[in-house]
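# Structural overview
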Amino acid sequence: MYNDADKLARMVPVLLEALDCMPDGFALYDKDFRPLVVNRESLNRFPIAFDTLSKGGTFLEANRRGIRETRPDIPEEKAERMVRRLTETLEAGETVDLETQNGRIVRTRFREMSEGRRVAISVDITELRAREKELEEARRAAEAANETKSAFLANISHEIRTPLNGILGMSQMLCKANLPPDQKRQAETIAESGQMLMDLLNDVLDLSKIEAGRLDIDPRDGDLGDVMRGLRRLWQPGADEKGLTLSLMLDADLPKRVVFDPVRVRQCANNLISNAIKFTQKGRIQIVVTTETGDDGEPMIQIEVSDSGCGMEEETLARLFHPFTQADSSTSRKHGGTGLGLSITRRLARMMGGDCVAESTPGRGSTFRLSFRADPVIPSRPLQEMGMVDETGQPIDPERCRGLRVLLVDDHLVNRKVASLYLEPYGCAVTEAGNGQEALDRLSAQTFDIVLLDVHMPVMDGPETISRIRQADAPWRKVPVLALTADAMMGDRERYLAMGMDGYVAKPIAERELVGEIVRAARSH
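So, here is what we can say about the structure in this document. (Residues numbered from 1 in each chain as written. Predicted model: local features only at pLDDT ≥ 70, side-chain atom pairs only at ≥ 80, totals over all residues. Heavy atoms only, no water.)

This part covers the overall build of the protein chain. When you go through the protein chain residue by residue, the secondary structure sums to 17 helices and 18 strands. In the form shown here, the protein chain has an accessible surface area of approximately 28,600 Å², with 51% of it arising from carbon and sulfur atoms. (Helix = DSSP H or I, 4+ residues; strand = E, 2+ residues; numbered from the N terminus. Areas by Shrake-Rupley, 256 points an atom, 1.4 Å probe, with all protein chains shown as cover.)

Laid out in structure tokens, this is it:
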């Protein structure tokens, strides 16, 4: 830096003073680790080590004395291992965090220089360590709280789904019965109310799954037009009851079949149509489905739902997609709902590569636009109308159920009654058991083609029962077993399949799903 020897000599005391003013420790060593220059901060932090070095001790001896005097509680053998590991690490130029005599934590690193010299810098990281500890404790607390929330939701879901299974199952059977018109409407009202409770529960669980990153999109080949026509049929009675016109228009260029998640698209569109009917007192609701091209050039579908309802102010629009938000504070009493639908709809739309946006004018109605990625499908074979299909799209032949000997295991009498009522019209011979032990007794005494097994039961629960079945030294150890459970959280299906179950049906039981799983399990055995 300086060619003038006099100037350089004059700078030496200035540089030494500057080193002493540094908040970090600084030490310069020769090739034998003897200190050449040590600033005040380093001396304050490591007085024992530098005292040893100043008296002719080696770097190893300095580290040994430093550890022994600062950590007298450590056994001799362990302390010696620490000394040698510390010495080797520092000599290799690696970073080490050390505790000083006054309890501070400093991060130290040696750097090589010319002619074998080394320079060491030590930085006080005590506050950083404390902050890291606080953050780690906060992370653990958050994880514990999240686990508690998940356990609470799982428990609530299970407890609500069990009585809902009875409500929905019995009301659906009543709706199929030959009842007088007024009683049939009453049964339909019960079924609709039960389904509303089911939708509410699913909304809460979906939001929890989305926030935890545990909700997946499942695109598959399907007929979007058929999905939308089904939604129109579903909501037509509600629109008629309020004297509203409900129309559906499909783009002429809409492919016959596209790749999309029919469950999530139906859920999103259902939320938008439901809200439109809810907040429109007169006029019309119009659903328009069009094909679009995204900013990246990929094919998109847009579902536009517009109404002639009350409309919204800009302030309301700005917070509309936030969880638990509704148009006004009286909405929950006047119209019902949790304010979760639109928040979930937007999040699902973005997970599907699109979005959900809204525009509105007070007194003139609102328009919601749902967009999502959807690749067109070129059919390789002629399409044909099919009856019942399973989740993979394979046809279900209900006749495969006829004559099946079914062992139904559930401690809840109403749940057994619902499942039995679903299966009897298909010609199944149903035998009931109230717990796992009764199920094992029935299997030992009779022959069954399939077992429907609840998970949470007294005496012997589902996991213990399936374990006993699979380990039994008897022909029935290979009998197909379906988990029939109110556990419907993410991962439950995979968990029960891993236990040895052959299938899974969540409560409230859907007749179509139950029959489909039975046929699939019977077909694979």
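Pairing within the open sheet is antiparallel, and its 3 strands lie in the order E6-E8-E13. Edge positions in the sheet fall to strand E6 (220-222) and strand E13 (375-376), since each has one partner strand and no second. In this sheet, E13 lies alongside strand E8 (residues 258-260) in antiparallel orientation, the contact comprising 2 bridges. For Val259, the partnering residue across the bridge sits in E13 and is Asp375. (Pairing = 2+ DSSP bridges.)

Before going further, it helps to examine the sheet that holds strand E5 (residues 118-124). Spatially, the 5 strands line up as an open sheet ordered E2-E1-E5-E4-E3, and their pairing is antiparallel. Sheet topology places strand E2 (35-38) and strand E3 (96-99) at the edges, where each strand pairs with a single neighbour. With direction set aside, neighbouring strand axes in the sheet form an average angle of 25°. In this structure, E3 lies alongside strand E4 (residues 105-112), joined through 4 bridges in antiparallel fashion. (Axes fitted to C-alpha atoms, helices over the stretch in contact; angles between N-to-C directions.)

Attention shifts here to the state of the cysteines. A covalent bond between the sulfur atoms of two cysteines is what we call a disulfide. On inspection of all chains with the given rule, the structure shows 0 disulfides. With no disulfide of its own, Cys428 has Cys401 as its nearest cysteine by sulfur position, at a separation of 4.6 Å. Look at Cys428 and you get buried, because its relative accessible area is 8%. (Disulfide = S-S within 2.5 Å. Buried < 20%, exposed > 50% of the residue type's maximum accessible area, 1.4 Å probe, protein only.)

The next subject is the environment of Thr361. Turning to its location among the elements, Thr361 is positioned in strand E11 (residues 355-361). Looking at Thr361, the relative accessible area reads 38%, which means it is partly exposed. In the structure, Thr361 is positioned 51 residues away from Cys310 in sequence and 8.2 Å away in space, judged by C-alpha atoms. Once residues lying within four places of it in the same chain are set aside, the contact partners of Thr361 are Cys310, Gly311 and Met312. (Contact = heavy atoms within 4.5 Å.)

Taken together, Leu197, Leu200 and Val204 make up a surface patch of nonpolar side chains, about 220 Å² in accessible area. Here Val204 lies in helix H7 (residues 181-211). (Patch = residues over 30% accessible without salt bridge, like charges linked within 9 Å, V, L, I, M, F, W, Y side chains within 5 Å. Salt bridge = Lys/Arg side-chain N within 4 Å of Asp/Glu carboxyl O.)

Turning our eyes to something else, we now look at the nonpolar core. Membership of the largest hydrophobic core comes to 41 residues, with the highest contact counts inside it found for Leu224, Met228, Ile303 and Phe372. Looking at this core, the elements with two or more residues in it are helix H8 (224-241), strand E7 (245-250), E8, helix H9 (262-278), strand E9 (284-293), strand E10 (299-307), helix H12 (341-351) and strand E12 (365-373). Tallying contributions element by element places H9 first for this core, with 7 residues. Residues in contact with Phe372, not counting those within four places in the same chain, are Leu224, Phe260, Val265, Met300, Ile301, Ile303, Met352 and Gly354. (Core = buried A, V, L, I, M, F, W, Y, C linked by side-chain atoms within 4.5 Å.)

One turn of an α-helix holds 3.6 residues; hence residues three or four places apart share an orientation. All of the buried residues along H12 are Gly341, Leu342, Ser343, Ile344, Thr345, Leu348 and Ala349. Looking at the residues trailing H12, positive phi occurs at Gly353, about 85°.

With that out of the way, let us pick up the packing of aromatic side chains. Enumeration over the complete set of coordinates arrives at 10 aromatic pairs. Between Tyr29 and Phe50, the ring centres sit 6.4 Å apart and the planes meet at 15°, which makes this aromatic pair stacked. Highlighted residues: Tyr29 in strand E1 (residues 25-29) and Phe50 in helix H3 (residues 47-54), separated in sequence by 21 residues. Since its relative accessible area comes to 4%, Tyr29 is described here as buried. (Phe/Tyr/Trp six-rings, centres within 6.5 Å; stacked < 30°, edge-to-face > 60°.)

Let's shift gears to the pattern of salt bridges. A complete count under the given rule lists 40 salt bridges for this structure. Between Arg493 and Glu517 there is a salt bridge, and its shortest N-O distance comes to 3.9 Å. A residue pair is termed long-range when its members are at least 10 positions apart, and Arg493 in helix H16 (residues 492-498) and Glu517 in helix H17 (residues 511-523) qualify at 24 residues. Members of the salt-bridge network, linked through shared partners, are Asp30, Lys31, Asp32 and Arg34.

Two elements in contact, helix H6 (residues 126-176) and helix H13 (residues 413-423), have axes whose closest approach is 9 Å; the angle formed by their N-to-C orientations is 35°. Where H6 crosses over H13, the two elements pack in a sense that is left-handed. Two secondary-structure elements touch here, H6 through Thr162, Asn165, Gly166, Leu168, Gly169, Met170, Gln172 and Met173 and H13 through Val414, Asn415, Lys417, Val418, Leu421 and Tyr422. For the contact of H6 with H13, the residue count by class is 7 nonpolar, 6 polar and 1 charged. (Left-handed = near helix turned anticlockwise from the far one by under 90°. Nonpolar A, V, L, I, M, F, W, Y, C, P; charged D, E, K, R; others polar.)

Between Lys507 and the following residue, Pro508, the backbone shows a cis peptide bond with an omega angle of -5°. Along the polypeptide, Pro508 turns up in the loop between strand E18 (503-506) and H17. Positioned with a positive phi, Phe33 is a non-glycine residue whose angle comes to about 65°. Looking at where Phe33 falls in the secondary structure, it is placed in the loop between E1 and E2. With a phi close to 70°, Val459 is a non-glycine residue in the positive phi region. Within the element layout of this structure, Val459 appears in the loop between strand E16 (450-453) and helix H15 (462-471).

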